[in-house]
Amino acid sequence: MNNTANKAICREEDLSNEASVEQFFVDRLLKRLGWSDSQIKTKESISALNVNLGRKKIPYKPDYALSYRRKVRFVIDAKSTKEDLDDWVGQCSSYCLLINQGYKDNPVQYFVLTNGLKTQLYRWDSAEPVLTLSLSDMNKGSKAFDTFAGYLSPRSFNTTPPTELSSEKEEERIVLKQIGPSAVNKLFGSAHSYIYKHEHLSYGAAFTEFVKVIFLKMTSDKEAHECSEGYETDEGYSVPISRAKFSSQWIKKAEETTPNPVNTILFAKLVKNFEDLIAQKKKKRIFEPNEKIRLSAGTIKELVKRFEGVDLHLIEDDLNGRMFETFLNATLRGKSLGQYFTPRSIVDIAVGLSDLHVGRNISDCSQIIDACCG
């Protein structure tokens with residue numbers, strides 16, 4: 001009996017649009033080549049880069065990026081069966097170039113364009129394909145597939161010089177883990193309590209400083225997820241310390257040259273970026289232009305220690321609101337802020353009774369006024 005791996009990777013009639021090519025062809029191909037889930041980054045977790053398209057620059061990102069030894073080694077862009085793969089060579093090659101510019105060793109070696117029926121393999125800096133394969137070539141054990149796998153299987157990239165391997169082993173990384181809303185609420189509450197007790201601030205002032213720290217944490221997590229050196233593991237999202245600066249390790253290294261680096265480097269950069277966006281009318285003011293975190297360096301370090309391993313980037317916006325709302329209810333209700341939130345159950349009932357309608361156009365949507373929004 002033939003092993004199922006030797007059978008056709010998928011049926012031609014199952015392939016049509018880009019989604020079907022990804023699901024029935026590329027996903028199975030990567031498994032057949034030996035790549036694990038933790039090594040595969042899909043489009044949702046890949047950063048767009050501004051690539052050259054004639055005289056213009058446009059944002060572009062491929063559908064897959066394959067990482068080995070913490071570096072992207074090749075990318076894949078999937079298209080519908082009716083698309084001409086040649087139309088995408090320049091953009092894909094330009095994307096690889098932009099990634100490689102951040103390294104000395106050009107870790108991205110290849111890119112692949114496929115519509116399922118035809119698959120073309122390119123060296124990252126070439127406009128001519130190294131290999132062109134048909135759907136029938138993608139059977140494990142065939143000469144064409146074995147040649148293809150010789151370029152793109154994980155073991156094909158196991159040729160890193162010993163000096164580089166040694167350097168990579170010494171590179172410190174941190175894993176950002178997602179936790180549930182109740183765990184985050186508990187963490188929020190304990191952090192606020194720590195600020196209140198150790199900095200001798202009012203409840204309101206303690207909360208203001210807490211918000212600055214959490215804003216910084218969320219920004220750090222967002223940047224960490226957008227870096228090319230990050231990848232998913234069974235434990236969480238792994239990134240180099242240099243890409244996740246909200247960490248005790250980063251602070252320790254930065255303190256060699258800069259006192260209180262979270263405040264003087266990270267938060268100062270955050271405020272400056274906000275000012276730039278305000279000037280472009282893309283953001284409304286949150287912090288004053290010269291705002292600082294008004295906490296001692298020791299307190300900031302303690303808060304970083306508590307939050308550094310938590311991933312706040314992928315939490316939905318609504319859930320963020322719920323967490324802050326629950327945190328404020330539990331911590332500050334009846335305190336100096338005078339904040340009183342409508343219970344979530346009452347909000348849900350009110351929304352249900354309103355019988356709201358949302359159409360395609362604004363004129364087809366219910367109009368609402370919150371006369372007591374504060």
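Here, every reference points to the structure presented above.
As the structure is a computational prediction, the values presented were derived from the model and not from experiment. (Residues numbered from 1 in each chain as written. Predicted model: local features only at pLDDT ≥ 70, side-chain atom pairs only at ≥ 80, totals over all residues. Heavy atoms only, no water.)

**Student:** How should helix α2 (residues 89-100) be read in this particular structure?
**Tutor:** Every α-helix winds through 3.6 residues per turn, so residues three or four apart in the chain are directed the same way. When the terminal C-alpha atoms of α2 are compared, their 17 Å separation across twelve residues agrees well with the 16 Å that a helix rising 1.5 Å per residue should span. Residues of α2 that are buried: Val89, Gln91, Cys92, Ser93, Ser94, Tyr95, Cys96, Ile99 and Asn100. (Helix = DSSP H or I, 4+ residues; strand = E, 2+ residues; numbered from the N terminus. Expected span 1.5 Å × (residues − 1). Buried < 20%, exposed > 50% of the residue type's maximum accessible area, 1.4 Å probe, protein only.)

**Student:** I keep staring at a nonpolar patch on the surface and nothing clicks. Help me out?
**Tutor:** A contiguous nonpolar patch, built from Ile346, Ile349 and Leu353 and spanning about 320 Å² of accessible area, is present on the exposed surface. Positionally, Ile346 belongs in helix α11 (residues 344-354). (Patch = residues over 30% accessible without salt bridge, like charges linked within 9 Å, V, L, I, M, F, W, Y side chains within 5 Å. Areas by Shrake-Rupley, 256 points an atom, 1.4 Å probe, with all protein chains shown as cover. Salt bridge = Lys/Arg side-chain N within 4 Å of Asp/Glu carboxyl O.)

**Student:** Help me understand empty space enclosed by the protein, please; the structure alone is not making it clear to me.
**Tutor:** Gaps between atoms show up when a probe of the same size as a water molecule is rolled over them. One pass over the full model with this rule turns up two cavities of 30 Å³ or more. Here the largest cavity is characterised by a volume of approximately 130 Å³. Forming the boundary of the largest cavity are Leu216, Thr219, Ser220, Glu223, Lys245, Leu266, Lys269, Leu270 and Asn273. Where the lining of the largest cavity is concerned, the elements lending two or more residues are α6 (203-226) and α8 (261-279). Grouping the amino acids of the lining of the largest cavity by side-chain chemistry returns three nonpolar, three polar and three charged. The calculated volume of the second largest cavity comes to roughly 40 Å³. Surrounding the second largest cavity, Ile251, Glu255, Asn260, Pro261, Val262, Ala297, Ile300 and Lys301 form its lining. (1 Å grid on protein atoms, 1.4 Å probe; cavity = no way out; pocket = protein on both sides within 12 Å on 5 of 7 lines; lining within 4 Å. Points joined across faces, edges and corners; volume = space filled by probe spheres on them. Nonpolar A, V, L, I, M, F, W, Y, C, P; charged D, E, K, R; others polar.)

Don't take any of this as a statement about function, it's just geometry.
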